[in-house]
Structures are given as structure tokens and as C-alpha cells.
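Each chain is listed here by its residues.
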Amino acid sequence: MKAKKSKTKCKSYYKKLKESFALEKELFQNLLDNLPDAIYFKDTKNRLVRVNRFYAEGFNLNPEEITGKTDFDFFPKEQAQRMFEDDTRVLKTGEPIIGKIERTLLPNGTQNCVTTTKIPVKNRKGQVIGTMGITRDITVYDQLEKNRLDMVMNSLKVLDRVLEVKDPYTFGHTRRVSIIAEGIAKGLGWDENRVLELKMSAELHDIGKILIPLEILNKPGKLTELEIRMIREHVEMCHDMLKRHTFPFPLPEAIYQHHERLDGTGYPRGLSAKRIIPEARILAVSDVLEAMTFHRPYRAALGLKKAIKELEDNAGSKYDQDIVKIAIKITREKAPTPFWLNQDSTV
Ligand SMILES: [Fe+2]
Ligand SMILES: [Fe+2]
């Protein structure tokens with residue numbers, strides 16, 4: 001009688017356990033099927049072992065049809081390689097990658113912007129047996145951000161135009177500096193946002209000249225000591241205008257330093273190498289390249305050869321060596337015409 005009672009108790013315990021397990025499974029499946037994010041599990045060879053409905057629908061497939069495939073079956077090679085490297089890093093280190101922002105090319109040819117989190121999946125012994133990823137589409141927010149930045153960039157261009165109207169000899173200078181700076185930053189592998197921030201600094205770098213008398217800015221021939229000092233004040237003036245505003249990147253400082261030189265011979269503060277930020281180092285090289293290859297009121301253009309020689313002769317002493325190397329490389333790729341003159345710098 002006692003044994004029968006215990007058997008019944010055991011049966012009901014297992015029944016409850018089974019029900020609770022089924023409920024957990026159902027909840028998990030529900031979550032997978034209804035979350036508007038792509039969720040995927042991969043094995044130690046980065047093969048997809050399970051994906052949710054949202055992921056599969058992105059490729060017009062059923063989740064089962066994706067099992068066993070890899071990112072190389074769905075994405076362009078370079079993109080798939082980056083994903084493979086991230087998965088491998090998580091597998092090897094056991095460390096997650098949280099909220100990485102990526103731009104991906106969809107099968108329908110459109111670009112989207114996503115944030116991806118990859119975490120290691122571990123067994124009871126703590127060994128990594130695969131990865132789990134969650135990718136969320138943030139294209140709408142990315143577009144909003146881009147629209148805002150476009151608005152800021154356009155305002156800067158208007159401001160720039162004011163300077164150009166006042167000083168037609170430097171027409172397009174800041175835009176051409178911006179084109180060179182962009183090329184260098186991309187060559188250094190900077191991400192899209194940082195490149196854009198640098199371009200903003202380039203667009204504004206000489207805005208302080210707006211406060212310098214026109215007769216001095218456009219004076220043909222040699223400048224006096226006093227006039228040189230007055231022109232140099234454009235850096236301080238620009239910094240004074242900008243420093244009271246908050247920027248999410250070092251825009252005022254980059255502009256403040258664009259005439260500084262690594263050996264301390266620059267102005268206005270004579271900073272030495274370790275205090276000069278990368279943005280200012282790029283602006284300095286871009287500014288010299290543009291200034292030497294374009295005419296000025298007091299002299300004709302000096303030419304690309306002389307500009308490259310100036311950079312080569314002073315790489316490591318006045319100018320950042322790596323930046324000079326990239327600047328010369330991208331310039332030579334497009335020679336004989338400087339690439340900043342090929343593009344429309346008036347828009
Ligand atoms: Fe300047
Ligand atoms: Fe400049």
C-alpha cells in the first residue's frame with residue numbers, strides 16, 4: 001500500500017516536471033518566434049544550428065532551411081569574414097561582444113544598420129560550445145542621426161560660404177582640406193562617424209579668418225611681422241567662438257591645434273607632439289597639401305611636387321609620419337592632378 005502511494009507521488013512529480021519543462025520550451029519558442037530581432041545560435045565551427053523566424057524571414061526562408069549554413073552563404077564575402085572573425089573571437093576568449101554597430105548589405109541590395117550582440121554558449125563544465133547572437137535593425141535611428149548631421153554640415157557650409165564671400169582667394173579652401181582629411185582618415189581606418197566629425201572640423205578650421213581685415217587676408221606680396229601675427233590670430237579667434245559650445249568630439253581642440261607642429265615650432269601655443277591630437281595632425285597635413293597646391297593672393301600655386309617634398313622632408317619632425325605616408329600614397333594614386341581638385345568643392 002505504502003509502495004503504491006509512493007509510486008503515484010513519483011508519477012505526479014514527473015508529470016509536473018514534464019509540464020513545467022514543456023511550458024519553458026513553449027515560452028522560449030514564443031520568444032524566439034515573436035521577437036523583432038534576428039536571433040541565431042552557432043556551433044564551434046560557426047555553422048548556424050538554430051535561428052528564429054525573424055532571421056529566416058530576412059532571407060525568405062524557413063528556419064529549418066538555414067540550419068547547417070554559415071554567414072558566407074548569405075552575406076558578401078568581406079562582411080561574412082568580419083562576422084566569422086567576431087564569432088571566432090567569442091569562441092576563443094569566452095568574452096561577449098556587446099552592441100557592435102555594423103552596416104550590412106541585405107539580399108535585396110539595400111544597406112541596413114544593425115547593432116549586434118554575440119555571447120558565448122557554455123556547457124555545465126563552463127566550456128564554450130557555441131555562440132548566440134542577437135541582431136537588431138537600427139536603420140531608422142541611423143538615418144535620423146545622418147539627417148541631423150547633414151543639417152549641421154549644411155549649416156557649416158553656409159558659414160563657410162560667408163567666409164568665402166568675404167575672402168574669395170581662399171574660396172573652397174576648407175572644403176578641399178576636408179576632402180584631403182577624409183581621404184587620410186579613411187586610409188587610417190577611422191570609422192564613418194569619426195571621419196564625419198573630422199570633416200566638420202576641417203570645414204570650420206579657418207572660420208576665425210572672418211574676423212581678420214580683408215586688406216590683410218588678400219594683400220598681394222610680402223606681409224609685415226604685424227600682419228603675419230594678425231593672420232595667425234584666426235586660430236585663437238576661432239577657438240574663442242567654439243569653446244563655449246559643447247561638442248561630442250574634440251572639434252574646438254582640433255581646430256585650435258591645426259597650425260601646431262610636432263617639434264613645437266607651430267602656433268599659437270607651440271605644443272609638442274604628445275599634446276597634439278590625431279584630428280589636428282590630419283588637419284595640419286591636409287592644410288599644407290591644399291595651401292601649397294593652390295594659388296594665394298601673394299603667390300602662385302607651388303605645385304604637388306613641392307608640397308610632397310615639404311611633407312616628406314618634415315615627416316616625423318613637424319608632421320605625423322603615418323599621416324604623411326597615407327597622404328602621399330593617396331595623392332600619388334590619383335596623380336598628376338591632386339584628388340582634392342578633381343572633386344566638386346563648391347557644393
Ligand atoms: Fe588656419
Ligand atoms: Fe587652412
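Residues numbered from 1 in each chain as written. Chains lettered and ligands numbered in written order. Predicted model: local features only at pLDDT ≥ 70, side-chain atom pairs only at ≥ 80, totals over all residues.

Once that is clear, we can look at the overall build of the protein. A tally of helices and strands in the protein yields 14 helices and 5 strands. What you see for the protein is a C-alpha radius of gyration of 29 Å, clearly larger than the 20 Å of a compact globule of 347 residues, by over 25%. With the C-alpha coordinates aligned to their principal axes, the bounding extent of the protein is approximately 115 × 40 × 35 Å. In the protein, buried positions account for 26% of the 347 residues. (Helix = DSSP H or I, 4+ residues; strand = E, 2+ residues; numbered from the N terminus. Rg over C-alpha atoms; globule rule 2.2 N^0.38 Å. Buried ≥ 20, exposed ≤ 12 C-beta atoms within 10 Å, placed from the backbone.)

Let's shift gears to the sheet that holds strand β3 (residues 97–105). An order of β2-β1-β5-β4-β3 is seen for the 5 strands of this open sheet, with the pairing classed as antiparallel. This sheet does not close on itself; its edge strands, each paired only once, are β2 (48–51) and β3. Between one strand axis and the next, the sheet turns through 25° on average, direction left out of account. In the sheet, strand β4 (residues 111–122) pairs with strand β5 (residues 128–137) via 9 bridges, with the strands oriented antiparallel. Across the sheet, residue T117 finds its bridge partner in β5, namely I134. Across the sheet, helix α4 (residues 77–93) is in contact with β1 (38–42), β3, β4 and β5; its angle to β4 comes to roughly 25°. (Pairing = 2+ DSSP bridges. Axes fitted to C-alpha atoms, helices over the stretch in contact; angles between N-to-C directions. Contact = placed C-beta atoms within 7 Å.)

Looking now at the domain arrangement of the protein. Taken domain by domain, the protein holds domain 1 (31–137) and domain 2 (145–342). One C-alpha centre belongs to domain 1, the other to domain 2, and the line joining them spans 42 Å. (Domains from an automatic or database assignment.)

Our next topic: unusual backbone geometry. The omega torsion across Y267 and P268 is 5°, close enough to zero to call that bond cis. Looking at the element boundaries, P268 is found in the loop between α10 (251–256) and α11 (278–292). If you check the backbone angles, N46 has positive phi at about 60° while not being a glycine. Its place among the elements puts N46 in the loop between β1 and β2. Accessibility expressed as a C-beta count within 10 Å gives 20 for N46, which makes it buried. Positioned with a positive phi, N60 is a non-glycine residue whose angle comes to about 55°.

Let us look at the pairing of β5. Two strands pair when backbone bridges link them, and β1 and β5 are joined in this way by 5 bridges, in the antiparallel orientation. Note that in β5 the partner of I39 across the bridge is I134. The loop that links β4 with its antiparallel partner β5 comprises 5 residues; one of these, G126, has a positive phi angle of about 85°.

The subject of this paragraph is the environment of P36. Within the secondary structure layout, P36 lies in the loop between α1 (2–34) and β1. Once the C-alpha coordinates of P36 and I326 are considered, the two residues, 290 residues apart in sequence, prove to be 43 Å apart.

Turning to the confidence of the model for the protein, a few remarks are in order. Overall, the prediction assigns the protein a mean pLDDT of 88, with 96% of residues at 70 or greater. Predicted confidence in the protein is weakest over helix α14 (residues 339–342), with a mean pLDDT of 78, and strongest over α11, with 96. (pLDDT = per-residue confidence, 0-100.)

The biggest cluster of nonpolar side chains holds 35 residues, and the ones touching the most others in it are A181, I184, I282, L283, V285, I323 and A327. Those elements giving two or more residues to this core turn out to be α6 (173–187), α7 (192–204), α9 (225–243), α10, α11, α12 (304–314) and α13 (321–334). Of the residues forming this core, the biggest block, 8 residues, is contributed by α11. L283 has contacts with V177, A181, S201, A202, H205, A254 and H258, leaving out every residue within four places of it along the chain. Counting 6 residues, the second-largest nonpolar core is a separate cluster that includes A38, Y40, L48 and I66. (Core = buried A, V, L, I, M, F, W, Y, C linked by C-beta atoms within 7 Å.)

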